[in-house]
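# Coordinates in review
What follows is each chain in one-letter form.
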Amino acid sequence: MIKLYDAIGRMRELTRIGVPFTFSFMSYSETKGESDGVKVVTNAQLRMGYRRDQSDKTGLLIGYVNADDGNRWFYLPLLLSFNGQTIKP
């Protein structure tokens with residue numbers, strides 16, 4: 001198991017050195033008010049997120065990229081696993 005903020009810190013570190021990682025999260029569309037279930041992302045790296053003047057979810061909405069989906073987002077509190085380690089509740 002790994003703590004949430006330890007996982008995101010490790011994701012940032014791996015991205016900085018160019019090493020891809022795997023993670024999973026529960027999807028959620030605030031606009032639609034619904035989920036498409038658990039999403040598993042492989043070969044991911046983080047990307048720049050929104051600035052504070054662009055969104056009120058700056059620290060919670062995390063941008064990532066992978067070869068399968070291109071540029072995407074996930075909501076940090078819905079992160080379930082990182083490189084095979086479950087996120088501690």
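Look up: the structure comes first, before these words.
One structure accompanies this document, and this report is about it.

Each value, and the rule that gives it
- Residues numbered from 1 in each chain as written.
- Predicted model: local features only at pLDDT ≥ 70, side-chain atom pairs only at ≥ 80, totals over all residues.
- Heavy atoms only, no water.
- Helix = DSSP H or I, 4+ residues; strand = E, 2+ residues; numbered from the N terminus.
- Buried < 20%, exposed > 50% of the residue type's maximum accessible area, 1.4 Å probe, protein only.
- Polar contact = N/O pair within 3.5 Å; in protein donor to acceptor, adjacent residues only side chain to side chain.
- Contact = heavy atoms within 4.5 Å.
- Pairing = 2+ DSSP bridges.
- Phe/Tyr/Trp six-rings, centres within 6.5 Å; stacked < 30°, edge-to-face > 60°.
- Lys NZ or Arg CZ within 6 Å of the ring centre and 35° of its normal.

Right, let's get into the side chain of Ser81. With respect to the element layout, Ser81 can be found in strand β5 (residues 79–82). Looking at Ser81, the relative accessible area reads 19%, which means it is buried. Side-chain polar atoms of Ser81 contact the side chain of Ser24, separated by 2.6 Å. In contact with Ser81, other than residues within four places in its own chain, are Phe23, Ser24, Thr86 and Ile87.

Read across the sheet, 6 strands follow the order β4-β3-β2-β1-β5-β6 without closing on themselves; strand pairing throughout is antiparallel. What marks the edges here is a single partner per strand, and that holds for β4 (70–75) and β6 (85–86). Here 6 bridges tie strand β3 (residues 61–66) to β4, and the two strands are oriented antiparallel to one another. When the bridges of β4 are listed, Leu61 appears paired with Tyr75.

Let us look at unusual backbone geometry. If you check the backbone angles, Asn43 has positive phi at about 50° while not being a glycine. For Asn43, the location among the structural elements is in strand β2 (residues 38–46). Using a relative accessible area of 53% as the deciding quantity, one classes Asn43 as exposed. The backbone of Asn83 sits at a positive phi, close to 45°, despite the residue not being glycine. Tracing the chain through its elements places Asn83 in the loop between β5 and β6. When its relative accessible area of 39% is taken as the criterion, Asn83 is described as partly exposed.

A complete count under the given rule lists 8 aromatic pairs for this structure. Centre to centre, the rings of Phe21 and Phe82 are 5.7 Å apart; their planes meet at 65°, and the pair counts as edge-to-face. Pair noted here: Phe21 is in strand β1 (residues 21–26) and Phe82 is in strand β5, with a separation of 61 residues, a long-range link. Since its relative accessible area comes to 2%, Phe21 is described here as buried. Grouping aromatic residues by their ring pairs yields a cluster made of Phe21, Phe23, Phe25, Tyr64, Phe74 and Phe82. Sitting over the ring of Trp73, Arg47 keeps its end group 4.3 Å from the ring centre.

What follows is about the environment of Phe74. If you trace the backbone, Phe74 turns up in strand β4. Through-space distance from the C-alpha of Phe74 to that of Ser24 is 9.5 Å; in sequence the pair is 50 residues apart. When sequence neighbours within four positions are dropped, the list of residues in contact with Phe74 reads Ile8, Met11, Phe23, Phe25, Leu60, Leu61, Ile62, Tyr64 and Leu79.

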